[in-house]
Amino acid sequence: MKILLVGSGGREHALAWKLAQSPSCETLYCAPGNPGIESVATCVKIDAEDVEGLTAFAVANKIDLVVVGPEGPLVAGLASSIAAAGIPVFGPSTMAAQLEGSKAFMKDLCAKYGIPTAAYGRFTDFEKAAAFIETRTPPIVVKTDGLAAGKGVLICMTHKEAREAAQGMLSGQSFGKSGTEIIIEQFLDGEELSYFALADGKTVLPFGSAQDHKRAFDGDKGPNTGGMGAYSPAHMMNAELEDKILARIITPTVEAMAREGAPFTGVLFAGIMVVKGEPLLIEFNARFGDPECQTLMMRLQSDLVEILNAGARGHLAEIKDQVRWAPDIALCVVMAANGYPGTYVKNTPIQNLDEAAKARDAIIFHAGTARNEKGEIMSTGGRVLGITARGKTVEDARKGAYATADMIEWPEGFYRRDIGARAL
Ligand code: AMP
Ligand code: GLY
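Structural notes, computed from the coordinates. Please read all numbers here as calculations on a predicted model, not as lab measurements. (Residues numbered from 1 in each chain as written. Chains lettered and ligands numbered in written order. Predicted model: local features only at pLDDT ≥ 70, side-chain atom pairs only at ≥ 80, totals over all residues. Heavy atoms only, no water.)

Looking now at the overall build of the protein. Helices and strands together make up the secondary structure of the protein, namely 14 helices and 22 strands. A compact globule built from 424 residues should have a C-alpha radius of gyration of about 22 Å, and the protein, at 21 Å, falls within 12% of that. When its C-alpha atoms are laid out on the principal axes, the protein stretches across 60 × 45 × 40 Å. Burial status across the protein gives 58% buried among its 424 residues. Of the accessible surface of the protein, which amounts to about 16900 Å², a share of 50% is contributed by carbon and sulfur atoms. Side-chain charges in the protein split into 42 positive and 51 negative, and the spacing between the mean points of these groups amounts to 1 Å. (Helix = DSSP H or I, 4+ residues; strand = E, 2+ residues; numbered from the N terminus. Rg over C-alpha atoms; globule rule 2.2 N^0.38 Å. Buried < 20%, exposed > 50% of the residue type's maximum accessible area, 1.4 Å probe, protein only. Areas by Shrake-Rupley, 256 points an atom, 1.4 Å probe, with all protein chains shown as cover. Lys, Arg positive; Asp, Glu negative; His and termini not counted. Charge placed at Lys NZ, Arg CZ, Asp CG, Glu CD.)

This is how it looks when you write it as structure tokens:
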């Protein structure tokens, strides 16, 4: 098969690495890709959000399957455009991607179909938002309706803070258009995990769990980030909890989307808060998590091309029982540029990558890198590398990932030293 993967982050490097291992993968293109992805795919210089350009490329190159990594292109209509050109695509339609693209859509769907989530109100008017805030007990969670790269959620400890958050969002000052509608919701106090399921519009294929580390610094201190590390499976996960998540949240959502005329094809990534043993939905994403995906791909033992192709063609029921996972733990340590998630340094050289990759049993997934004229690897993004290792225990996986991370010479970067600590 000729496959086109869209995206350029660590998640896409992990997907490319796994897709390329499949005997059915004849040619793998990645647009736009990155220097890590180059080692397993042909990178094509088309922007991930260039819907027309990517559709034209897929048609011209007779692509058999398109896999879309990030949410931006999905919300912008890439999967719908590829499908309209008659090419199977793994990723939700524009309408189905609203599960991630609009928190108001997601919350209203939950309310309509009885899917457990935090109580909420949605607002476009500041006076009404402020009046609602007065009726709540802090902490109060204020969120942008639209995409905000994981930054559109503020947990406010006072009414005043919540009013200021609402004002900043609604005025367009803090998040532009993403924040001109907001959700104000109840704070859920529990432990968080990421749950993944694939869907083909009707069938649900459970696809594992992970735990992310969202804060920038050790001990869960510092600002929220896109994720500084992850491990899979989540240590809290057990068969009973998984059954509850599937029965109360995932399956009802896939059924609801079909009933609403927006069947969901792709990855349904649920952010779950477990409160006294009961799962509540925090948010949906319409894609794999990054860096959670890196850990899932390390553990997946089945053929990813077969799985995603079945998803894209509506045949998940046929392969559902054949998917196998390593019983191990996989753990990913993210190396980020100094300053991230604020303003960070760019274009700094990263050295000793080849030696680090050879020396240990960890995979170095590239997330924010580019080659300079001399062919050297430079940092370009906030999150730059994801060092991922497998082990029989969390401790083993940590040792593997950190041994490799410690060999990488990049003085302008930093990483947390405590990924997986909660599971020990
Ligand atoms: P989201 O972008 O919706 O995943 O929110 C980012 C982070 O904010 C989540 O991963 C949670 O840690 C936190 N969060 C969001 N909503 C709530 C809530 N209702 N209660 C507690 N924490 C929340
Ligand atoms: N790591 C969280 C996310 O991908 O949204």
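The next point concerns unusual backbone geometry. In this structure, the amide linkage connecting Ala-31 to the following residue, Pro-32, adopts the cis form with an omega of -10°. Here Pro-32 lies in strand E2 (residues 27–32). With an omega dihedral of 10°, the bond running from Tyr-340 to Pro-341 counts as a cis peptide bond. The topology assignment puts Pro-341 in the loop between strand E17 (329–337) and helix H13 (353–359). Unlike most non-glycine residues, Lys-62 shows phi in positive territory, near 50°. Assignment of secondary structure puts Lys-62 in the loop between helix H2 (51–60) and strand E4 (65–68). Since its relative accessible area comes to 63%, Lys-62 is described here as exposed. Backbone geometry at Asp-220 places phi at a positive 55°, although glycine is not the residue there.

Here the focus is the site of ligand 1. Around ligand 1, the structure places 14 residues, and the nearest of them are Glu-185, Gln-186, Leu-188, Glu-192 and Glu-283. Between ligand 1 and Lys-143, the relevant distance is 3.0 Å, taken from a nitrogen atom to a side-chain nitrogen or oxygen of the residue. Within the side chain of Glu-283, a nitrogen or oxygen atom sits 2.6 Å from an oxygen atom of ligand 1. Burial of ligand 1 by the protein chains amounts to 92% of its free accessible area of 470 Å². Residue assignment for the shell around ligand 1 shows that the elements contributing at least two residues are strand E7 (140–144), strand E8 (153–156), strand E9 (182–186) and strand E16 (278–285). In terms of residue class, the shell around ligand 1 is made up of seven nonpolar, one polar and six charged. (Near = heavy atom within 4 Å. Polar contact = N/O pair within 3.5 Å; in protein donor to acceptor, adjacent residues only side chain to side chain. Nonpolar A, V, L, I, M, F, W, Y, C, P; charged D, E, K, R; others polar.)

Attention shifts here to the pattern of salt bridges. This structure, assessed with the given rule, holds 19 salt bridges. For the salt bridge of Arg-163 with Glu-134, the shortest nitrogen-to-oxygen distance reads 2.7 Å. One end of the pair, Arg-163, is in helix H8 (residues 159–170); the other, Glu-134, is in helix H7 (residues 126–134), and 29 residues separate them in sequence. Classification of Arg-163 as partly exposed rests on a relative accessible area of 30%. Sharing partners across several salt bridges, the network here consists of Glu-240, Lys-244, Arg-248 and Glu-278. (Salt bridge = Lys/Arg side-chain N within 4 Å of Asp/Glu carboxyl O.)

What follows deals with the sheet that holds E8. Spatially, four strands are ordered E6-E9-E7-E8 in an open sheet, and the strand pairing comes out antiparallel. Either end of the sheet is taken by a strand with one partner, and the two such strands are strand E6 (120–123) and E8. Pairs of neighbouring strands in the sheet enclose a mean axial angle of 20°, with direction left out of account. As defined by bridge partners, E6 adjoins E9 across four bridges and the pair is classed as antiparallel. Residue pairing across strands places Tyr-120 opposite Glu-185, the latter belonging to E9. Lying on the sheet, helix H6 (residues 103–113) is in contact with E6, E7, E8 and E9; it crosses E6 at an angle near 140°. (Pairing = 2+ DSSP bridges. Axes fitted to C-alpha atoms, helices over the stretch in contact; angles between N-to-C directions. Contact = heavy atoms within 4.5 Å.)

Neighbouring ligand 2 are the residues Asp-212, Gly-226, Phe-269, Arg-287, Gly-289, Asp-290, Pro-291 and Glu-292. In the environment of ligand 2, a nitrogen atom lies 2.9 Å from a nitrogen or oxygen atom belonging to the backbone of Asp-290. When ligand 2 sits alone it has 200 Å² of accessible area, and the protein chains cover 87% of it. Counted by class, the shell around ligand 2 contains two nonpolar, two polar and four charged residues.

A cluster of like negative charges, contributed by Asp-47, Glu-49, Asp-50 and Glu-52, occupies part of the molecular surface. With respect to the helices and strands, the residue Glu-49 is situated in the loop between strand E3 (42–43) and H2. On the basis of relative accessible area, Glu-49 is assigned to the partly exposed category, the value being 47%. (Patch = residues over 30% accessible without salt bridge, like charges linked within 9 Å, V, L, I, M, F, W, Y side chains within 5 Å.)

Here H7 crosses H8 at 160°, and the two axes come no closer than 10 Å. Comparing their axes, H8 and H7 come out roughly antiparallel. The chirality of how H7 crosses H8 is right-handed. Contacts between H7 and H8 pair Phe-126, Ala-129, Ala-130, Ile-133 and Glu-134 from the former with His-159, Ala-162, Arg-163, Ala-166, Gln-167 and Leu-170 from the latter. A breakdown of the residues in the contact of H7 with H8 according to their chemical character gives seven nonpolar, two polar and two charged. (Parallel < 35°, antiparallel > 145°, perpendicular 65-115°, else oblique. Left-handed = near helix turned anticlockwise from the far one by under 90°.)

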